[in-house]
Amino acid sequence: MQEQTDPPGEPSPGLVSTAIQAITQHIRSEGLAPGDPLPSEAAMTRQLNVSRTVVREAFRSLSAMRLIDMSAGRRATVAKLDTGAMSMVIEHGITTQQISVQQVYDVRRTIEMRTVALAALRRTDQEAAAIAQSARLMRENFTNPEAVMEHDIAFHEAIAAASHNPVFSLIVTAFSGVTRRTWVIGWRTRSSDEAQLKMIKGHEDIADAILKGDPRLAAEHMAEHFDKSVKALLDAGIA
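Residues numbered from 1 in each chain as written. Predicted model: local features only at pLDDT ≥ 70, side-chain atom pairs only at ≥ 80, totals over all residues. Heavy atoms only, no water.

## Looking at the packing of helix 7 (residues 145-162) against helix 9 (residues 176-189)
(1) Moving on: Following both chains from N to C, one finds helix 7 and helix 9 inclined at 135°, their axes separated by 10 Å at the closest point. One finds that helix 7 runs oblique with respect to helix 9. Like other packed secondary-structure pairs, helix 7 and helix 9 cross with a definite hand, here right-handed. Where helix 7 abuts helix 9, its residues Pro145, Val148, Met149, Glu150, Asp152, Ile153 and Glu157 lie against Ser176, Thr179, Arg180, Trp183 and Trp187.
(2) Moving on: Among the residues making up the contact of helix 7 with helix 9, the classes are represented as six nonpolar, two polar and four charged. (Axes fitted to C-alpha atoms, helices over the stretch in contact; angles between N-to-C directions. Helix = DSSP H or I, 4+ residues; strand = E, 2+ residues; numbered from the N terminus. Parallel < 35°, antiparallel > 145°, perpendicular 65-115°, else oblique. Left-handed = near helix turned anticlockwise from the far one by under 90°. Contact = heavy atoms within 4.5 Å. Nonpolar A, V, L, I, M, F, W, Y, C, P; charged D, E, K, R; others polar.)

Right, here's the structure in full:
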């Protein structure tokens, strides 16, 4: 079948959407895994009977959604799970005031109460040690807010990983962008060393409950942590 020539101007959105669906269907029907190569642009052009411009735009769209990986001079490959697209959607929602920070934290509270309970039941000794280390590093660096923030984020991501459910890891990691935008504001509302160390102690309590294998206690500590975090943001005027 003869390859269509590229039409002038931008490719039709309808044709691009159809090509995207065809490429994702190819990934499913062929059982492709992360790292597996996709057909070349030329091959997809012939298969779909569309112009190369359409296929190229479909590949670019899938790459932007982090579903495929592209690099110059190499075939596109199936991508590993990536939080980038979900994170951008959440941050866009906040920036455009379609969702609020408080709503994000409400969802996080619900999800992370579950992840921490699962972590208490499923974690390995190595994972429990990594969670505890993040909490310990928060305390050791508490005079450096930026370092504390990064260890705090690592703490929550380590708990999600210890739940052994990759969907939870995907979601929790996607919240990191919002956390970096709001964390320092909440930290500053805890104006004394005592208040800041008390927040860190809450993380240590969560880590200890996970180490003990107590899902109920771990969930209670996580709920308390989020309730205090939301209050700190509200006190700072973040709704």
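## Some remarks on the environment of alanine 129
(1) Moving on: Relative to the assigned elements, alanine 129 resides in helix 6 (residues 125-140).
(2) Moving on: Spatially, the C-alpha atoms of alanine 129 and serine 63 are 36 Å apart, while their sequence positions differ by 66 residues.

## Topic: the pattern of salt bridges
(1) Moving on: Under the definition given, this model contains 14 salt bridges.
(2) Moving on: The shortest N-O distance in the salt bridge between arginine 109 and aspartate 227 comes to 2.8 Å. Of the two residues, arginine 109 is situated in helix 5 (residues 101-122) and aspartate 227 in helix 11 (residues 215-235); the sequence distance between them amounts to 118 residues.
(3) Moving on: Looking at aspartate 227, the relative accessible area reads 41%, which means it is partly exposed.
(4) Moving on: The partner of glutamate 204 in a salt bridge is arginine 139, with the nearest N and O atoms 2.7 Å apart. In this pair, glutamate 204 sits in helix 10 (residues 193-212) while arginine 139 sits in helix 6, placing the two residues 65 residues apart along the sequence. (Salt bridge = Lys/Arg side-chain N within 4 Å of Asp/Glu carboxyl O. Buried < 20%, exposed > 50% of the residue type's maximum accessible area, 1.4 Å probe, protein only.)

## Observations regarding the side chain of serine 87
(1) Moving on: Inspection of the secondary structure assignment puts serine 87 in helix 4 (residues 84-95).
(2) Moving on: Engagement of the side chain of serine 87 in a polar contact is seen with the backbone oxygen of alanine 174, the distance being 3.4 Å.
(3) Moving on: Those residues in contact with serine 87 that sit more than four places away from it in its chain are Ala174 and Gly177. (Polar contact = N/O pair within 3.5 Å; in protein donor to acceptor, adjacent residues only side chain to side chain.)

## Things to note about the UniProt feature "domain: HTH gntR-type" (unreviewed entry) in the protein
(1) Moving on: Taking the numbering used here, the UniProt-annotated feature "domain: HTH gntR-type" (unreviewed entry) corresponds to residues 13-81.
(2) Moving on: Overall, residues 13-81 shows 55% helix and 6% strand. The separation of its end C-alpha atoms is 26 Å. (UniProt positions renumbered as here; feature names shortened; annotations may be inferred.)

## What about helix 5?
(1) Moving on: In this model helix 5 runs 30 Å from its N-terminal to its C-terminal C-alpha over 22 residues, within 8% of the 32 Å that 1.5 Å per residue would give.
(2) Moving on: Buried residues of helix 5: Val101, Val104, Tyr105, Arg108, Ile111, Glu112, Thr115, Val116, Ala117, Leu118, Ala119 and Ala120, and no others.
(3) Moving on: In this structure, the buried residues of helix 5 make contact with helix 4, helix 7, helix 8 (166-174), helix 9, helix 10 and helix 11. (Expected span 1.5 Å × (residues − 1).)

## Some details on unusual backbone geometry
(1) Moving on: Even without being glycine, arginine 66 reaches a positive phi, approximately 65°.
(2) Moving on: Take arginine 66: it is sitting in the loop between helix 3 (52-64) and strand 1 (68-69).
(3) Moving on: With relative accessibility at 32%, the residue arginine 66 sits in the partly exposed group.
(4) Moving on: Unlike most non-glycine residues, glutamine 97 shows phi in positive territory, near 60°.
(5) Moving on: With respect to the secondary-structure elements, glutamine 97 resides in the loop between helix 4 and helix 5.

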